[in-house]
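What the coordinates show
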Amino acid sequence: MNAVSDTVTMRPAAATGTALVHLRDLRVRYAPDEPFVLDGVDLDLHDGEMVALLGASGSGKSTLMKSLTGFAPVTSGTVRMGEIDVANLRRGQLRDLRSQTGQVFQQFNLIGRLSVLTNVLTGSLHRAGAVNVLGTFRSADRKKALDLLDRVGIAHKANAEARTLSGGQQQRVAIARALMQNPRVILADEPVASLDPKMSRTVLELLQSIARDEGIPVLVSLHVLPLALAHSDRIVGLRHGEMVISGRTADLDAEQLAPVYELDDEGEDD
Ligand SMILES: Nc1ncnc2c1ncn2[C@@H]1O[C@H](COP(=O)(O)OP(=O)(O)O)[C@@H](O)[C@H]1O
Ligand SMILES: [Mg+2]
């Protein structure tokens, strides 16, 4: 094993049409004597598509997201992110994996006292040379960050302190920050759970347009069915860690969606 062979990209094997994210029979438990938190989940995520991971609180959505980036164990099964076998990570691959994975969270995770622009620029920090010896960002990166703020519709807020923005605006900054990484995939864990319905739609439409127009696949976890139906190409539904729904959103009928209604009842608010 040498350093060169450990440097991998998440590019899928185009010739075989392999999905960028490829999960088969994923099982996860946090300790040997505990029950499985994920128990047999399959998922494929192709370029250009947005897949909703639907489930009540505690169903395993965050664990699945974390398993994709090495933050939760892969107890058994196959987890591939492009060329990277996440279940058997080699030295150096974890860094590659995380630098190529754009992440968006429920609580935005911005640095409130810093400007919106600087927050977006932090998305470039994984790259060597992003900051020069004077501690300033490269002008090409500043230009790119401004373009991305324009892309998410808040270029006029570039110099505002992040904490002064509304929740919906902050989430758009977080999406611009994720795009600053040139991600191969975006994982958005309950990105609209703290937003009102109008802002939720705006943010999900933005993520959908990134999948469609930039080709970057988006996995988005949600706990309410209507948002998943309105904003996804496919839905994978979890209940107590088991996959109870999997199909193209347009094809799912009432019978296939029935487990979701049970799933709605069991959830606790978090
Ligand atoms: N680090 C951990 N250690 C042990 N159990 C955990 C850990 N993280 C989550 N769990 C458990 O795994 C289950 C699924 O949690 P989670 O993946 O956070 O679900 P969701 O995101 O759908 O709410 C829950 O029962 C939770 O208590
Ligand atoms: Mg969660």
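As annotated in an unreviewed UniProt entry, the chain carries the name Phosphonates import ATP-binding protein PhnC and is attributed to Microbacterium faecale.

What follows concerns the packing of aromatic side chains. Enumeration over the complete set of coordinates arrives at 0 aromatic pairs. Between arginine 27 and the ring centre of phenylalanine 36, over which it is positioned, the NZ or CZ distance is 4.0 Å. Here arginine 98 stacks its cationic end above the ring of phenylalanine 71, 3.6 Å away from the centre of that ring.

We now examine the site of ligand 1. Neighbouring ligand 1 are Tyr30, Val37, Ala56, Ser57, Gly58, Ser59, Gly60, Lys61, Ser62 and Thr63. A distance of 3.4 Å separates a nitrogen atom of ligand 1 from a polar atom in the side chain of tyrosine 30. Within the complex, the protein chains bury 58% of what would otherwise be the 560 Å² of accessible surface of ligand 1. Within the shell around ligand 1, the residues separate by chemical class into 3 nonpolar, 6 polar and 1 charged.

Moving on to helix α2 (residues 61–68). Within α2, 6 of the 8 residues are buried, which leaves the element mostly enclosed by the surrounding structure. Taken together, the buried positions of α2 are Lys61, Thr63, Leu64, Met65, Ser67 and Leu68. Looking one or two residues beyond α2, the residue adopting positive phi is glycine 70, at roughly 75°.

Definitions and cut-offs
Each residue is numbered by its place in its chain's sequence as written, counting from 1. Going through the entries in the order they are written, you letter the chains from A and number the ligands from 1. In view of the model being predicted, local features appear only for residues whose pLDDT reaches at least 70, and side-chain atom pairs are presented and counted only at 80 or more, with totals across whole chains, interfaces and linings using the full set of residues. With hydrogens and water excluded, all non-hydrogen atoms of the structure serve as input to the side-chain values. Pairing of aromatic rings covers Phe, Tyr and Trp, the last counted by its six-membered ring, and requires centre-to-centre distances within 6.5 Å; plane angles under 30 degrees mean stacked, over 60 mean edge-to-face, and any other angle means tilted. Lysine and arginine charges are scored as sitting over a ring when NZ or CZ, respectively, is within 6 Å of the ring centre and within 35 degrees of the ring normal. The nearness test applies per residue and asks whether one of its heavy atoms lies within 4 Å of the molecule or strand. Any pair of N or O atoms that falls within 3.5 Å is considered a polar contact. Within protein, one atom must be able to donate a hydrogen and the other to accept it, and sequence-neighbouring residues count only if both atoms are side-chain atoms. Note on areas: these come from Shrake-Rupley sampling with a 1.4 Å probe, and a residue is covered only by the protein chains present in the view. For this scheme, ten residues count as nonpolar: Ala, Val, Leu, Ile, Met, Phe, Trp, Tyr, Cys and Pro. Four count as charged, namely Asp, Glu, Lys and Arg, and the remainder, Gly too, count as polar. The buried label goes to any residue with under 20% of its type's maximum accessible area, the exposed label to any with over 50%, and the partly exposed label to all in between, with areas taken from a 1.4 Å probe on protein chains only. Per the convention used, a helix needs a DSSP run of H or I reaching at least four residues, while a strand needs a run of E reaching at least two, with both numbered from the N terminus.

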